[in-house]
Amino acid sequence: MNYKIFNLGKVQLYFSDKHNFNTDSILLAAFASPYHKNRHIKVCDLCTGCGLISVHLAATLPNATITAVDSDERATALLSTTISENYPRLTALTALTADIRDLTRCEAYDLVTANPPYFKAGSGAVRTGQSTVRHDFNCKLSDIALTANKLLKYGGALKLCLPASRLSEACVTLTEHKLEPKVIRFIDGRL
């Protein structure tokens, strides 16, 4: 597998052209981490891709146990490489290849993160090799909401990143799955 390396502080993140990250992943990781600095928490990162969010959380939350889930074996293989090449720094991080819809109810996680596909299937520009990553063919917002509801403890938090054009859809979908939107941070993508 061809891969590239990104230095993330003292950790090297392995990624590829298909399983990469963008500014949204970095912003979401930064948004999710400061609320839990001094507690032992359990985190589940859904649709993790190459794992930037999980790796950032593992590096900045020393008391966290993190499970990173993606249905693409190549994505979790890259994350597994990141974990093994950064031993022992990322020992609290586990990569899991699974369809998020198949995860069972456990109500064990304090925090669930997700950087879901930005566009609904059949909308937005489709770049070669990126259609399943940028469009919700396999991972819909409703799947993330349903899974987060199954995984989160009472009082737990779901942190996700979406374009503003999907804000009303996100609020309705989350509320339908008994997840109440409480904090919204807007980012100007032109900066």
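Rules behind the numbers
Residues numbered from 1 in each chain as written. Predicted model: local features only at pLDDT ≥ 70, side-chain atom pairs only at ≥ 80, totals over all residues. Heavy atoms only, no water. Helix = DSSP H or I, 4+ residues; strand = E, 2+ residues; numbered from the N terminus. Buried < 20%, exposed > 50% of the residue type's maximum accessible area, 1.4 Å probe, protein only. Areas by Shrake-Rupley, 256 points an atom, 1.4 Å probe, with all protein chains shown as cover. Phe/Tyr/Trp six-rings, centres within 6.5 Å; stacked < 30°, edge-to-face > 60°. Lys NZ or Arg CZ within 6 Å of the ring centre and 35° of its normal. Core = buried A, V, L, I, M, F, W, Y, C linked by side-chain atoms within 4.5 Å. Contact = heavy atoms within 4.5 Å. Pairing = 2+ DSSP bridges. Right-handed = clockwise from strand over helix to strand, strands pointing away. pLDDT = per-residue confidence, 0-100. Salt bridge = Lys/Arg side-chain N within 4 Å of Asp/Glu carboxyl O.

*Asks:* Help me understand the overall build of the protein in this model?
*Replies:* Along the backbone of the protein there are six helices and seven strands. Written out in order from the N terminus, the α and β elements of the protein read β-β-α-β-α-β-α-β-β-α-α-β-α. Residues classed as buried in the protein amount to 46% of the 191 residues present. As presented, the protein carries roughly 10,400 Å² of accessible surface, and 52% of it is formed by carbon and sulfur atoms.

*Asks:* Is there a simple way to think about the packing of aromatic side chains in this case?
*Replies:* Any two aromatic rings considered together are summarised by their centre-to-centre distance and by the angle between their planes. Applying the stated criterion to the full structure yields three aromatic pairs. Judged by centre distance (5.3 Å) and plane angle (70°), the rings of Phe 15 and Phe 21 are edge-to-face. According to the relative accessible area criterion, Phe 15 is buried, its value standing at 13%. Directly above the ring of Phe 31 sits Lys 159, whose terminal nitrogen or CZ lies 4.6 Å from the centroid.

*Asks:* I keep staring at the nonpolar core and nothing clicks. Help me out?
*Replies:* Counting residues in each nonpolar core, the largest one holds 28 residues, and the members touching the most others are Val 43, Val 55, Leu 57, Ile 66 and Leu 93. Elements with a minimum of two residues in this core: strand E2 (11-15), helix H1 (23-32), strand E3 (41-46), helix H2 (52-60), strand E4 (64-70) and helix H3 (73-85). Looking at this core element by element, the count peaks at five residues for H2. Non-local contacts of Ile 66, meaning those with residues more than four positions away in its chain, are made with Val 43, Ser 54, Leu 57, Ala 58, Ala 92, Leu 93 and Thr 94.

*Asks:* Even after reading the chapter, I still don't get the pairing of strand E5 (residues 93-97), so can you show me in this structure?
*Replies:* In regular strands, side chains alternate between the two faces of the sheet. By the bridge criterion, five bridges tie E4 to E5 in an arrangement that is parallel. Its bridge partner being in E5, Val 69 is matched across the sheet by Leu 96. Running through H3, the crossover from E4 to the neighbouring parallel element E5 is right-handed.

*Asks:* Would you explain the confidence of the model for the protein in this entry?
*Replies:* Regions with low pLDDT should not have their predicted coordinates read in detail. Across the protein, pLDDT averages 88, with 87% of residues at or above 70. Note on residues 129-137: pLDDT under 50 across the span, and 32 contacts to partners over four residues away in sequence or across chains.

*Asks:* Can you help me understand the pattern of salt bridges in this one?
*Replies:* Side chains that differ in charge, positive against negative, can pair when their charged atoms come close. In the structure shown here, the tally under the stated rule is eight salt bridges. For Asp 17, the salt bridge is made with Lys 4, and the minimal N-O distance between the two is 2.5 Å. Of the two residues, Asp 17 sits in the loop between E2 and H1 while Lys 4 sits in strand E1 (residues 4-8), which places them 13 residues apart along the sequence. The exposure class of Lys 4 is partly exposed, given its relative accessible area of 40%. Of the charged contacts, one joins Asp 72 and Arg 74 as a salt bridge, the two residues approaching to 3.4 Å between their closest N and O atoms. When its relative accessible area of 16% is taken as the criterion, Asp 72 is described as buried. What makes Arg 74 partly exposed here is its relative accessible area of 44%.

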